[in-house]
Amino acid sequence: MMQKGPGGEFSAVTQMGILVTNDDGIDSPGLWALAEAMSRLGETVVVAPREERSGVGTGISLHAGMSVARVPSPLPGVTAYAVGGTPGDCVILGLRRLARGHIGLVVSGINLGANLGNDILCSGTVMATLQAYFRKIPSLALSLVMDSEIQEPRFDVISKVAGVLARGIIDGTLPDVAVLNVNAPNSPPQEVKGIAVTRTASSGYVRLSEVGGRGDMTYDRGVRARDQLIIEEGTDIWAISAGLISITPLRFDVTDCNRTSTLAERVALLRSELA
Ligand code: MN
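As the structure is a computational prediction, the values presented were derived from the model and not from experiment.

**With respect to the pattern of salt bridges**
Pairing between side chains of opposite charge can happen when their charged atoms approach one another. For the coordinates displayed, the defined rule picks out six salt bridges. Of the charged contacts in the structure, one is a salt bridge between E43 and R100, with a shortest N-O distance of 3.1 Å. You can see E43 sitting in the loop between α1 (29-39) and β2 (44-49) and its partner R100 sitting in the loop between α2 (87-98) and β5 (103-112), a full 57 residues away along the chain. When its relative accessible area of 44% is taken as the criterion, E43 is described as partly exposed. According to the relative accessible area criterion, R100 is exposed, its value standing at 61%. R50 is the partner of E51 in a salt bridge, and the nearest nitrogen-oxygen pair spans 2.9 Å. For E51, a relative accessible area of 41% puts it in the partly exposed group. Exposure remark for R50: the relative accessible area of 41% places this residue in the partly exposed category.

Shown next as structure tokens:
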């Protein structure tokens, strides 16, 4: 049973399960670090894409069949499923078919790479939360900011942040959470400068670059891409650049209300042309 919290409609209840997904795929160490942190807080089920699906955003497999297989879990008491689909598919399947009992929290990650700025709209990690949002279930997206792919990921700081936020949602000390997008530096605890609640930067983070000089293109996500940005204070990109953990509350409300009245006036003028 969902319970209406003091601050709004999004509220977890204490006796509930946690659904863990990601977009890096079922074999990603970040997924299992997150599942381990969640398993200490409640009954945890892992439902993740069979293959890496980074960059699929809100995508779901509308007309394709999806394979679903139970897979061995390295964590005692945690059941795990690999889905031949997107993170969005995993959340839908997890909530509707695979989880036993009620899911009160959806967590996605830990992504091996940042999800900052308006690129989050393309992120499978972040946009997995959309399906939870539709169902008024609170959710967290967690990403580790890695400046290069050869860097060894460390999950201690971000797992702790995930645990603290999840516990707050579950016990009600963090009421009315819809979606939180969390990015943390890939640094030891003593090097993390603090935590900031931020807004999503309006700039993108991913840049196109050419590889091999033959016109082949790839996306750059590391320091090089970030260096080209104008950094606005208070944004997620600013926080990460300052060595802080960034937490951004998100909502998925896409109507541009500032433009509706002007548009209505113009449309009224067009009406005669449409007749
Ligand atoms: Mn990813």
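Still more to cover.
**Regarding the coordination of the manganese ion**
The manganese ion binds to the protein through D23 (OD), D24 (OD), S54 (OG) and N111 (OD1), with metal-donor distances spanning 2.1 to 2.2 Å. Between the donor residues of the manganese ion, the gaps in sequence give the motif D-D-x29-S-x56-N. Taken as a pair, D24 in the loop between β1 (17-21) and α1 and N111 in strand β5 lie far apart in primary sequence, 87 residues in all.

**Let's talk about the state of the cysteines**
Tallied over the entire structure, the rule returns zero disulfides. No disulfide involves C90; its sulfur sits 19 Å from that of C122, the nearest cysteine. By relative accessible area, C122 is classed as partly exposed at 47%.

**What to know about the packing of α1 against helix α5 (residues 156-171)**
For the pair α1 and α5, interaxial distance at closest approach is 9 Å and the crossing angle is 40°. The pairing of α1 with α5 is recorded here as oblique in orientation. Where α1 crosses over α5, the handedness of that crossing is right-handed. Of α5, the residues touching α1 (which contributes A33, L34, A37 and M38) are S159, A162, G163 and A166. Here the contact of α1 with α5 is composed, by residue class, of six nonpolar, two polar and no charged.

**Quick notes on unusual backbone geometry**
In the segment running from G109 into I110, the intervening peptide bond is cis, with an omega of -10°. When you line up the elements, I110 lands in strand β5. With a phi close to 55°, K136 is a non-glycine residue in the positive phi region. Looking at the element boundaries, K136 is found in the loop between α4 (129-134) and β6 (139-145). A positive phi is found at D176, a non-glycine position, where the angle reads about 60°.

**Things to note about the environment of A35**
Mapped onto the elements of the fold, A35 is located in helix α1. Residues A35 and G65, 30 residues apart in the sequence, show an inter-C-alpha distance of 27 Å.

**Focus on α5**
Here α5 spans 22 Å end to end across 16 residues, near enough to the 22 Å set by a 1.5 Å rise per residue. Every buried residue of α5 is accounted for by V157, I158, S159, V161, A162, G163, L165, A166, G168, I169 and I170. At its buried positions, α5 is contacted by β1, α1, β5, β6, β7 (179-185) and β11 (244-250). Positioned one or two residues after α5, G172 has a phi angle of 85°, which is positive.

**Topic: the nonpolar core**
Counting residues in hydrophobic clusters, the biggest one holds 40 residues, and the most contacted among them are V20, M38, V46, L105 and L140. Per-element accounting of this core gives the leading share, eight residues, to α5. For L105, the contacting residues outside a window of four places in its chain are M16, G17, I18, L19, M38, I137, P138, S139, L140, A166, I169 and I170. Of all hydrophobic cores here, the second largest spans 15 residues; its members include V45, V47, C90 and A132.

**Some words on the pairing of β11**
In terms of burial, β11 is largely enclosed, as six of its seven residues are buried. Strand direction decides the pairing type here: β7 and β11, joined by five bridges, are antiparallel. Note on β11: the bridge partner recorded for V179 is L250. Alignment of strand β8 (residues 194-197) against β11, held across four bridges, turns out to be parallel. Bridged to V197 within β11 is I247.

So, how was this worked out
- Along each chain, the written sequence defines residue order, and numbers are assigned to residues from 1.
- Only residues with pLDDT of at least 70 are given local features in this predicted model, and only at 80 or more are side-chain atom pairs given and counted; all residues enter the totals for whole chains, interfaces and linings.
- Excluding hydrogens and water, the side-chain values take into account all heavy atoms of the structure.
- Definition used for salt bridges: Asp or Glu carboxyl oxygen within 4 Å of a side-chain nitrogen of Lys or Arg.
- Per the convention used, a helix needs a DSSP run of H or I reaching at least four residues, while a strand needs a run of E reaching at least two, with both numbered from the N terminus.
- Per-residue accessibility, obtained with a 1.4 Å probe over protein chains only, is compared with the maximum for each type, and a residue is labelled buried under 20%, exposed over 50%, and partly exposed between these values.
- Here a donor is an N, O or S atom found within 2.8 Å of the metal, or within 3.2 Å if the metal is Na, K or Ca; sites may look incomplete because water is not among the atoms.
- Only a pair of cysteine sulfur atoms within 2.5 Å counts as a disulfide in this structure description.
- An axis is simply a line fitted to the C-alpha atoms; with a helix, the fit covers only the stretch in contact. Between two such axes, the angle follows the N-to-C directions and lies from 0 to 180 degrees.
- Geometric relationships in this document are graded by angle, where less than 35 degrees denotes roughly parallel, more than 145 denotes roughly antiparallel, 65 to 115 denotes roughly perpendicular, and other angles denote oblique.
- Crossing handedness is read from the near helix: turned anticlockwise from the far helix by less than a right angle, it gives a left-handed crossing, and turned clockwise, a right-handed one.
- In this description, contact between two residues means that some pair of their heavy atoms is separated by no more than 4.5 Å.
- Note that Gly is not counted as nonpolar here; it falls among the polar residues with everything else outside the nonpolar set of Ala, Val, Leu, Ile, Met, Phe, Trp, Tyr, Cys and Pro and the charged set of Asp, Glu, Lys and Arg.
- For a helix, the expected span equals 1.5 Å multiplied by the number of residues minus one.
- The definition of a nonpolar core used throughout is a set of buried Ala, Val, Leu, Ile, Met, Phe, Trp, Tyr and Cys residues joined through side-chain atoms within 4.5 Å.
- For two strands to pair, DSSP has to find at least two bridges joining them.

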